[in-house]
Amino acid sequence: MADSFVLEAQKYLNGTYGHNSNWVHLDENGMTGGLMMEGLVRAFQIEHGVPSVTGYLGPYTVNVMRSLNDIEKMDPSDEPSNDVKLIQCALFCKGYHAGGITGIYYTNGVNAVKQYQEDAGLKTSGVIDWKVWQGLFSMGWFQLVPGGDPTLRVIQRSINADWSSVIGVQPCEGVMSRNTALSLIGCLQGALNLQTWIPDLTSVVFGPATQSAFSQHPLYEGCSEPALVKIAKYALYFYGFGQTEFSSTFTSGTRLNVVNFQKEYGLTGLDGVVSGQIHLTTMMSLLTSRGNPNRSCRGGDTSQILSRQMCDNLKAAGYNVIGRYLTGTVGVGAAERPKYLTPEEIGNIQDAGLSVFPIYQNGGYYADYFKISGRGSYDAVTALRTAAVLGFPEETVIYFAVDFDCMSYQTESLIIPYFRQIANAFRQAAFNPKNYKIGIYGPREVCRQISAEGLAEYSFVTDMSTGFSGNLGFPIPSNWAFDQFDEFTFGPSPAFPLDKVAVSGRDGGARKNDVGGSVTTAEMLQEARSKFTR
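First, a word on what this report is: a plain description of the structure on this page. (Residues numbered from 1 in each chain as written. Predicted model: local features only at pLDDT ≥ 70, side-chain atom pairs only at ≥ 80, totals over all residues. Heavy atoms only, no water.)

### Here we look at the pairing of strand β7 (residues 437-442)
Thought 1: For β7, a buried count of five out of six residues is recorded, marking the element as mostly surrounded by other parts of the structure.
Thought 2: Here strand β6 (residues 397-401) runs beside β7; their pairing, made up of five bridges, is parallel. The residue bridging V397 from the neighbouring strand is K437, located in β7.
Thought 3: Tracing the backbone out of β6, into helix α16 (residues 408-426) and back to the parallel element β7 gives a crossover that is right-handed.
Thought 4: Judged from the four bridges that link them, β7 and strand β8 (residues 458-461) form a sheet pairing that is parallel. Following the sheet pairing, G442 is matched in β8 by V461.
Thought 5: With respect to chirality, the unit in which β7 leads through helix α17 (residues 444-452) into the neighbouring parallel β8 is right-handed. (Buried < 20%, exposed > 50% of the residue type's maximum accessible area, 1.4 Å probe, protein only. Helix = DSSP H or I, 4+ residues; strand = E, 2+ residues; numbered from the N terminus. Pairing = 2+ DSSP bridges. Right-handed = clockwise from strand over helix to strand, strands pointing away.)

Here is the structure:
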């Protein structure tokens, strides 16, 4: 809905900065949105001589805001200020009534700034400081939005109250975002005295310095680490473990929630993990999707065709189950090589005492792949045919890949229809006489949505892809069977690339295949085409 005050702000900005070559004209429609907020930032950058006028609120622009003098309540007879006019425009865009675009910071403006500060969890001083500038000019919102989570908003406001001087002012609208999840790592680094100012949260990592520092501060019932305990409690709430009390005390209830978290995330019994306590491995799983990449595991996946020696080496190193591809190649040009399972390789794997679970990925690493008409049906019959020829036993789960940073709207428009086509093929006995089951390989939230639709039996989670929007801040799906969390070169000789995979035990893979023959790629694809056409 159009807002007359936002319209006034748009007219003011166009009229004031339209002569500047760096200005991008704003539609005068009274609507607050991304372009309007970019316009506000662009106006600030022009006003303060920022060298690169982009409309992006980056570290340089925020540091300029941090250098400005505070603005306190003015006298009506004072000279109007262009900075105050920009603040008044920003207040309108964020839903606060600033009076008008007068350039005089007086009663209405002071009250509006106080309301913003209260909503954001900041000290309600009514003074325009850098936190007012940064918050009002950000893309964030500070009031609970429809469908927002009030408890999450309590956490967001508390984070700003305690840590905005280190990580900047974060949104408080009750919606989980990548920034909200990353903010916990920033808070942790602040609490460990590793950082005093983080200009860009997207740059924070739970790296060696943070790991080393936190290792000196384990959390347990009765410990004296108030700031760290609150951060851990926030993370427990993010992942759905019933933590709704956010004091600085590690209580018996917190201990029970930690126990349940460790069980659900496959951490119980690992080296360095103490049940009900938060040491490094548990904290890394709370604050990052991949967790501690150095933790041990029983599973792996690889694009390497495995020799018997490789399989024996895997077994000797403690691996029990290996994920391998049904079809396809990896690499390009002269480096291209096959990655698909063969009957001989299955014999190598299973004779070494390992089990194998099948993955289907002949694309799936970009959105356009899923836009191809009939893609799900085609992939389903190809995977079913290949798995049957390779002798996978009845009810084996085949994991279909969604291996890109899939947004929620893409899950709705592309991935769910793709898996519905797969499910339709799997329901037909002519295609699936062995009653194979559907699995999904993808980010946490995509796996959860597909499983909630009844379209996947188990999930193989791409937690190693920490940049995927559907991982960080989202709980691991309750039906996870495998969790990919690190990539390294496995030795001894012959060495090959291997992904570490945590194993929940829900899917044991196939320990004995009944390989009845082989099939060439051309024959397989021709049969798939024929079945799909019919």
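Once the structure has been displayed, the description carries forward.
### Thoughts on the pairing of strand β10 (residues 496-503)
Thought 1: In terms of residue burial, β10 counts as a mostly covered element, since seven of its eight residues are buried.
Thought 2: Bridging between strand β9 (residues 480-490) and β10 involves eight bridges; their strand directions are antiparallel. Across the sheet, Q484 pairs through a bridge with V501, a residue of β10.
Thought 3: Taken together, β9 and the strand that follows it, β10, pair antiparallel across an intervening segment of five residues.

### Some remarks on unusual backbone geometry
Thought 1: Look at the link from G491 to P492: it is a cis peptide, with omega at 10°.
Thought 2: Locating P492 in the fold gives a position in the loop between β9 and β10.
Thought 3: Looking along the chain, the bond that leaves S493 and enters P494 is cis, with omega of 0°.
Thought 4: As for its placement among the helices and strands, P494 is situated in the loop between β9 and β10.
Thought 5: With a phi angle near 65°, E395 is a residue other than glycine that sits in the positive phi range.
Thought 6: With respect to the helices and strands, E395 occurs in the loop between α15 (375-389) and β6.
Thought 7: Of note, N435 is a non-glycine position whose phi angle comes to about 55°, a positive value.

Purely spatial values, then, with no claim about function.
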